[in-house]
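# Observations on the three-dimensional arrangement
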Amino acid sequence: MRVEMLTVPDCPNGPVLKERLVLALAGRMDVELTEHVVDVQAEAERRNMHGSPTLLVDGCDPFAVPGTAASLSCRLYRMADGRIGGAPSVEELRQVLDANATTGAQRAAGRAGRGRLAPVERGLQAAQQAVLRSFATTGAPPGAAELESVAEPFGVPAARVLAELAAEDFLTLDDAGRIQAAYPFSAIPTEHVVQIADGPTVWSMCAIDALGIPVMLGADAVITSADPVTGGHVRVEFTDGRTIWQPATAVVYYGARPGDGPAAAVCCGYLCFFTTRATAGQWTGRQAELSGAVLDQAEAERLGADIFGPLLTASPR
């Protein structure tokens, strides 16, 4: 998450906002805080500054009234209790920062937090599970004949079921209607490789997807990936429900860029393994408009399990 302070020269409320931000950010490692002094109107307009001091979270001003013009004037904030002050309260800052991180997390999970299990209607869940089981056992999506046999009891062509699954972002198709991905699996090579015990080697769409595969299958597995900054190897071994991470300092970045579209386009490319929290910070600092958080190992594992663990345990009707 990128947090910026914009002030005019010698703004008396700049230090107030800085002090409260430090308190609001205490213990958070997912935030890059920068400060800019702005003294010309053109720069205020370019930076989206609405008076001094202005706080921007991932480029947006969470306290600005819609339609407010860019300005170098002294800015006042109305508190929750109605009082007027030169900066938001610590609690208001925490609420804004937490809400922004949650929004990024929900979008990164895909479907705005609505879940990855397709509904049972029209054969959607049956087809989704057939696709997932094919990836789990063969490393590839099922053939056309298998998909038609799954769709037949529901009285719809397999192509129509796949198109609806793609429209709802349960999977992605190429221009010829072939399955490219069925979260958490990818039919196209990615940097996230999962060797399933007594099974195939598969690719996952992202780091969180990789961590969800062993839980979804109830199987041991070894995940290998690489730090986008250093190229250093990250390895996560699942054995009998326990995990070993190498290196022990490895983390996962969990975020998304602004905009609509399938998770494959909006966030999968940004959910990565890193060898250290420091390299995750370096990488996120280079990504314009990216929002999210650095997750420790337990948080990342839990998220993968929550998203993908139930996908094959439900019984389609």
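Numbering of residues starts from 1 in each chain and follows the order in which that chain's sequence is written. Only residues with pLDDT of at least 70 are given local features in this predicted model, and only at 80 or more are side-chain atom pairs given and counted; all residues enter the totals for whole chains, interfaces and linings. Computation of side-chain values: all heavy atoms of the structure, hydrogens and water removed.

### Some thoughts on the nonpolar core
It is characteristic of soluble globular proteins that their nonpolar side chains tend to be buried jointly. To keep things clear, this is the line we draw: To form a nonpolar core, buried Ala, Val, Leu, Ile, Met, Phe, Trp, Tyr and Cys residues must be joined to one another through side-chain atoms within 4.5 Å. Each residue is placed in one exposure class: buried if its accessible area under a 1.4 Å probe, protein chains only, is under 20% of its type's maximum, exposed if it is over 50%, and partly exposed if it falls in between. Segments assigned H or I by DSSP are reported as helices when at least four residues long, segments assigned E as strands when at least two residues long, and all are numbered from the N terminus. When checking whether two residues touch, look at their non-hydrogen atoms; a contact exists if any pair is within 4.5 Å.
In this structure, L165, I208, L211 and F273 are the most contacted members of the largest nonpolar core, which totals 59 residues. Sorting elements by how many residues they give to this core places helix 4 (residues 124-138) first, with 8 residues. Those residues in contact with L165 that lie beyond four places of it in its chain are A118, L124, A127, Q128, F170 and L171.

### Section: the environment of E35
Inclusion rule: Polar contacts, as used here, are pairs of N or O atoms within 3.5 Å; protein pairs need one atom able to donate a hydrogen and one able to accept it. Residues neighboring in sequence count only if both atoms are side-chain atoms.
Here E35 lies in strand 2 (residues 32-37). E35 sits in the partly exposed class, given a relative accessible area of 49%. Those residues in contact with E35 that lie beyond four places of it in its chain are M5 and K18. Side-chain polar atoms of E35 contact the side chain of K18, separated by 2.6 Å.

### Topic: the sheet that holds strand 8 (residues 172-173)
Within a sheet, neighbouring strands are paired by backbone hydrogen bonds and run either parallel or antiparallel to one another. Let me state the cut-off plainly: Note on pairing: DSSP must find at least two bridges between two strands before they are called paired.
Spatially, 8-9-10-12-11-13-14-15 is the arrangement adopted by the 8 strands of the open sheet, whose pairing is antiparallel. What marks the edges here is a single partner per strand, and that holds for strand 8 and strand 15 (242-246).

### Remarks on helix 7 (residues 207-217)
Of all the 11 residues making up helix 7, 9 are buried; the element is thus mostly covered by neighbouring parts of the structure. One or two residues past the end of helix 7 sits G218, with phi positive at roughly 60°.

### Some details on helix 9 (residues 277-285)
Within an α-helix, residues lying three or four positions from one another point in the same direction, as the helix has 3.6 residues per turn. To be explicit about the condition: By arc we mean the arc of the directions from the helix axis to the C-beta atoms, nothing more.
Among the residues of helix 9, T279, A280, W283 and T284 are the ones counted as buried. Looking straight down helix 9, one finds that the buried residues subtend no more than 135° of arc, so they occupy a single side. Residues of helix 9 that are buried in the fold lie against strand 16 (251-256), strand 17 (272-274) and strand 18 (291-295).

### Section: the sheet that holds strand 4 (residues 54-57)
For clarity, the cut-off: Working convention: axes come from line fits to C-alpha atoms, limited for helices to the stretch in contact. Angles between N-to-C directions cover 0 to 180 degrees.
In space, the 3 strands of this open sheet follow the order 2-1-4, with mixed pairing throughout. Two strands lie at the open edges of the sheet, namely strand 2 and strand 4, each paired on one side alone. Here the average twist between neighbouring strands, direction ignored, is 20°. Each of strand 1 (2-7), strand 2 and strand 4 is contacted by helix 1 (residues 14-24), which is oriented at about 160° to strand 1, the strand it contacts most.

### So, the packing of helix 4 against helix 5 (residues 144-151)
As a reminder of what qualifies: To sort the angles, those under 35 degrees are grouped as roughly parallel, those over 145 as roughly antiparallel, those from 65 to 115 as roughly perpendicular, and the leftovers as oblique. Working rule for handedness: look at the near helix, and if it is turned counterclockwise from the far one by less than a right angle, call the crossing left-handed; if clockwise, right-handed. Ten residues, namely Ala, Val, Leu, Ile, Met, Phe, Trp, Tyr, Cys and Pro, are considered nonpolar, four, namely Asp, Glu, Lys and Arg, are considered charged, and the remaining ones, Gly among them, are considered polar.
For the pair helix 4 and helix 5, interaxial distance at closest approach is 9 Å and the crossing angle is 150°. Classified by the angle their axes make, helix 4 and helix 5 are roughly antiparallel. Handedness of the helix 4/helix 5 crossing: right-handed. Where helix 4 abuts helix 5, its residues A126, A127, A130 and V131 lie against E146, L147 and V150. Partitioning the contact of helix 4 with helix 5 into residue classes produces 6 nonpolar, no polar and 1 charged.

### Concerning the side chain of Q128
For Q128, the location among the structural elements is in helix 4. What Q128 contacts, discounting residues up to four positions off in sequence, is R116, L117, A118, L165, F170 and L311.

### Overview of the packing of aromatic side chains
Quick note on the threshold: Aromatic pairing here means that ring centres of Phe, Tyr or Trp (its six-membered ring) are within 6.5 Å. Orientation follows from the plane angle: under 30 degrees is stacked, over 60 is edge-to-face, and everything else is tilted. Placement of a charge over a ring requires the Lys NZ or Arg CZ to be within 6 Å of the ring centre, with the centre-to-atom vector within 35 degrees of the ring normal.
Across all of its chains, the model carries 6 aromatic pairs by this definition. Taken together, a centroid distance of 5.8 Å and an interplanar angle of 90° make the contact between F63 and Y77 edge-to-face. Here F63, found in the loop between strand 4 and strand 5 (71-74), pairs with Y77, found in strand 6 (residues 77-78); they are 14 residues apart in sequence, far enough to count as distant. By relative accessible area, F63 is classed as partly exposed at 24%. Its relative accessible area of 5% is what places Y77 among the buried residues. Between the aromatic rings of F274 and W283, the centroid separation amounts to 5.4 Å while the plane-to-plane angle is 55°, which identifies the pairing as tilted. The buried category is assigned to F274, whose relative accessible area is 0%. Through a chain of ring-to-ring contacts, three or more aromatic side chains come together here, namely Y253, Y270, F274 and W283. Over the aromatic face of Y183 sits the side chain of R116, whose NZ or CZ is 4.0 Å from the ring centroid.

Geometric values such as these leave the question of function open.
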